[in-house]
Amino acid sequence: MSVADIDWEALEGAAVAAMAKAYAPYSKFPVGAAALTEDGRIVSGCNVENASYGLTLCAECSLVSELRMSGGGRLTAFYCVDSTGAVLMPCGRCRQLLYEFHAPGMQLMTGNGILTMEQVLPDAFGPEHLEENT
């Protein structure tokens, strides 16, 4: 899928709507994420904090849960925002989570513009490495 085929405004709107549902009473840092699937669905997620901090779920985690609950598939484009609507780059853990479900050529909106999954997580370890060893 080319950059021109992606409705980045729709992804941004879905990410902002997801951010509005975040549960962030401790950090006061609500996050929303949205992604486009290969079959054209938009899935989204928000962060859900927990008083123990370590059990907090990132927006990307709830996005992947929605992906699986709504029929699965692969992600082709991704957008993540904070409470002001500013674009956020997923942390390393979340990049790895997104890598697990990315379609070839997946694109992410970043503070530095649109980058591919391979650019934001070069030399990633993924399911293909486990298959090589079986």
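Look up: the structure comes first, before these words.
Think of each chain on its own: its residues are numbered from 1, step by step along the sequence as written. pLDDT decides what is reported in this predicted model: residues at 70 or higher carry local features, side-chain atom pairs at 80 or more are listed and counted, and totals for whole chains, interfaces and linings draw on all residues regardless. Excluding hydrogens and water, the side-chain figures rest on all heavy atoms present in the structure.

Asker: How should the environment of Arg93 be read in this particular structure?
Answerer: Considering the arrangement of structural elements, one finds Arg93 in helix α3 (residues 92-100). When its relative accessible area of 52% is taken as the criterion, Arg93 is described as exposed. With 33 residues separating them along the chain, Arg93 and Glu60 place their C-alpha atoms 9.6 Å apart. Every residue in contact with Arg93, bar those within four places of it in the chain, is listed here: Cys58 and Cys61. Helix and strand definitions follow DSSP, with helices as H or I runs of at least four residues and strands as E runs of at least two, each counted in order from the N terminus. For every residue, the accessible area obtained with a 1.4 Å probe (protein chains only) is divided by the maximum for its type, and the residue is called buried under 20%, exposed over 50%, and partly exposed between those limits. Residues count as neighbours in contact if any of their non-hydrogen atoms are within 4.5 Å of one another.

Asker: Would you explain the sheet that holds strand β1 (residues 32-37) in this entry?
Answerer: Strand pairing in a sheet is mediated by backbone hydrogen bonds. Such pairs are either parallel or antiparallel. If DSSP finds at least two bridges between two strands, the strands pair. Pairing within the open sheet is mixed, and its 5 strands lie in the order β2-β1-β3-β4-β5. Among the strands making up the open sheet, the edge pair consists of β2 (42-46) and β5 (113-116). Looking at each pair of strands side by side, their axes are set apart by 20 degrees on average, direction ignored. Packing of helix α1 (residues 8-19) onto the sheet brings it into contact with β1, β2, β3 (75-81), β4 (102-110) and β5, and relative to β3 it is tilted by some 50 degrees. Angles shown run from 0 to 180 degrees and are taken between the N-to-C directions of axes, each axis being a line fitted to C-alpha atoms and, for helices, limited to the stretch in contact. Where helix α2 (residues 59-69) meets the sheet, it contacts β1, β2 and β3, and its direction lies at approximately 140 degrees from that of β2.

Asker: Mind showing me how you'd approach the packing of aromatic side chains here?
Answerer: To describe a pair of aromatic rings, one takes the distance between the centres and the angle between the planes. Any two rings among Phe, Tyr and Trp, with Trp reduced to its six-membered ring, count as a pair given centres within 6.5 Å; such a pair is stacked if its planes are under 30 degrees apart, edge-to-face if over 60, and tilted if neither. Taken as a whole and judged by the stated rule, the model has 2 aromatic pairs. Between Trp8 and Tyr79, the aromatic rings sit 6.4 Å apart at their centres with planes inclined by 50 degrees, giving tilted as the arrangement. Linking Trp8 in helix α1 with Tyr79 in strand β3, this pair joins segments that are 71 residues apart in sequence. Plain terms: the ring middles of Tyr26 and Tyr53 are 5.9 Å apart, the flat faces sit at 75 degrees to each other, and that makes the pair edge-to-face. Placement of Tyr26 in the loop between α1 and β1 and of Tyr53 in the loop between β2 and α2 is noted, with a sequence separation of 27 residues between them.

Asker: Is there a simple way to explain the layout of surface pockets in this structure?
Answerer: Put simply, the grid is 1 Å and covers the protein atoms alone, a cavity is a trapped set of points that fit a 1.4 Å probe, a pocket is an open set with protein on both sides within 12 Å along at least five of seven lines, and lining residues have an atom within 4 Å of a point. Grid points are joined across faces, edges and corners, and a volume is the space filled by probe spheres set on the points. When its volume is computed, the largest pocket comes out at roughly 210 Å³. Taken together, 15 residues form the lining of the largest pocket, with Phe29, Val31, Cys58, Glu60 and Leu88 sitting closest to its centre. Taken together, the residues of the lining of the largest pocket sort by class into 10 nonpolar, 3 polar and 2 charged. Residues are grouped as follows: nonpolar covers Ala, Val, Leu, Ile, Met, Phe, Trp, Tyr, Cys and Pro; charged covers Asp, Glu, Lys and Arg; every other residue, Gly included, is treated as polar.

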